[in-house]
Amino acid sequence: QVQVVESGGGLVQPGGSLRLSCAASGLTFSSYDVGWFRQAPGQERQSVAANSWNIANTYYADSVKGRFTISRDNAENTVSLQMNSLKPEDTAVYYCAAQNRRLGLSLRDRDYDYWGKGTQVTVSS
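Residues numbered from 1 in each chain as written. Predicted model: local features only at pLDDT ≥ 70, side-chain atom pairs only at ≥ 80, totals over all residues. Heavy atoms only, no water.

## Concerning the overall build of the protein chain
Part 1 of the argument: Looking only at helices and strands, the protein chain has 0 helices and 11 strands in total.
Part 2 of the argument: Each helix (α) and strand (β) of the protein chain, taken in turn from the N terminus, gives the series β-β-β-β-β-β-β-β-β-β-β.
Part 3 of the argument: Radius of gyration (C-alpha) of the protein chain: 13 Å, near the 14 Å computed for a compact globule of 125 residues.
Part 4 of the argument: Counting only C-alpha atoms, the protein chain reaches 40 × 25 × 25 Å along its principal axes.
Part 5 of the argument: A burial count over the protein chain gives 42% of its 125 residues as buried.
Part 6 of the argument: Pairs at least 24 residues apart make up 58% of the contacts formed inside the protein chain by residues separated by at least 6 positions.
Part 7 of the argument: Across the protein chain, 12 positive and 11 negative side-chain charges occur, with their mean positions spaced 2 Å apart. (Helix = DSSP H or I, 4+ residues; strand = E, 2+ residues; numbered from the N terminus. Rg over C-alpha atoms; globule rule 2.2 N^0.38 Å. Buried < 20%, exposed > 50% of the residue type's maximum accessible area, 1.4 Å probe, protein only. Contact = heavy atoms within 4.5 Å. Lys, Arg positive; Asp, Glu negative; His and termini not counted. Charge placed at Lys NZ, Arg CZ, Asp CG, Glu CD.)

## With respect to the sheet that holds strand β1 (residues 3–7)
Through backbone hydrogen bonds, the strands of a sheet pair up, either in parallel or in antiparallel fashion.
Part 1 of the argument: Here 4 strands make up an open sheet; going across it, the order is β1-β3-β8-β7 and the pairing antiparallel. This sheet does not close on itself; its edge strands, each paired only once, are β1 and β7 (68–73). The mean angle between the axes of side-by-side strands here comes to 15°, regardless of whether they run parallel or antiparallel.
Part 2 of the argument: Of the strand pairs in this sheet, strand β3 (residues 18–25) and strand β8 (residues 78–83) are connected by 6 bridges, and their pairing is antiparallel. Residue pairing in the sheet places leucine 20 in a bridge with leucine 81 of β8. (Pairing = 2+ DSSP bridges. Axes fitted to C-alpha atoms, helices over the stretch in contact; angles between N-to-C directions.)

## Let's talk about the packing of aromatic side chains
Part 1 of the argument: Across all of its chains, the model carries 5 aromatic pairs by this definition.
Part 2 of the argument: The interplanar angle of 45° and the centroid separation of 5.0 Å between the aromatic rings of phenylalanine 37 and tryptophan 115 together place this pair among those described as tilted. Taken together, the residues phenylalanine 37 in strand β4 (residues 33–39) and tryptophan 115 in strand β10 (residues 114–115) connect sequence positions 78 residues apart.
Part 3 of the argument: Look at tyrosine 95 and tryptophan 115: their rings are 6.3 Å apart centre to centre, the planes differ by 75°, and that puts the pair in the edge-to-face class. In this pair, tyrosine 95 is assigned in strand β9 (residues 92–99) and tryptophan 115 in strand β10, connecting sequence segments 20 residues apart. (Phe/Tyr/Trp six-rings, centres within 6.5 Å; stacked < 30°, edge-to-face > 60°.)

## Describing the pattern of salt bridges
Part 1 of the argument: Going through the model one piece at a time under the given rule, you end up with 7 salt bridges.
Part 2 of the argument: Notably, a salt bridge pairs aspartate 90 with arginine 38, separated by 2.9 Å at the nearest N-O pair. Of the two residues, aspartate 90 sits in the loop between β8 and β9 while arginine 38 sits in strand β4, which places them 52 residues apart along the sequence.
Part 3 of the argument: Looking at aspartate 90, the relative accessible area reads 1%, which means it is buried. (Salt bridge = Lys/Arg side-chain N within 4 Å of Asp/Glu carboxyl O.)

The values are spatial; any link to function lies outside them.
In structure tokens, the structure reads:
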């Protein structure tokens, strides 16, 4: 049975940093495209960053470019999202998701098959 679990969320002041981690059991991230999504209250879930299984393609939403970095540790079977210079508008529940449909790197949440339950990130002074 596949399990995807996010960790690392919390409360941080504007300008601060957090590192989210996504761990999986029952699947090997090196064979999967992985995406980070977020959903703020009253808003639709949106793609934040995504990375193809072969690391050939990486995507960042315009709102996080230059501040967020997605990375993989295949030995640990984890994918991380380093978030720097955080802003109040980054406040949301952050989700990690994986898919291996070989569609090309997708930013659509409906293309991802395996999801974690999310971790809350709150940016506030």
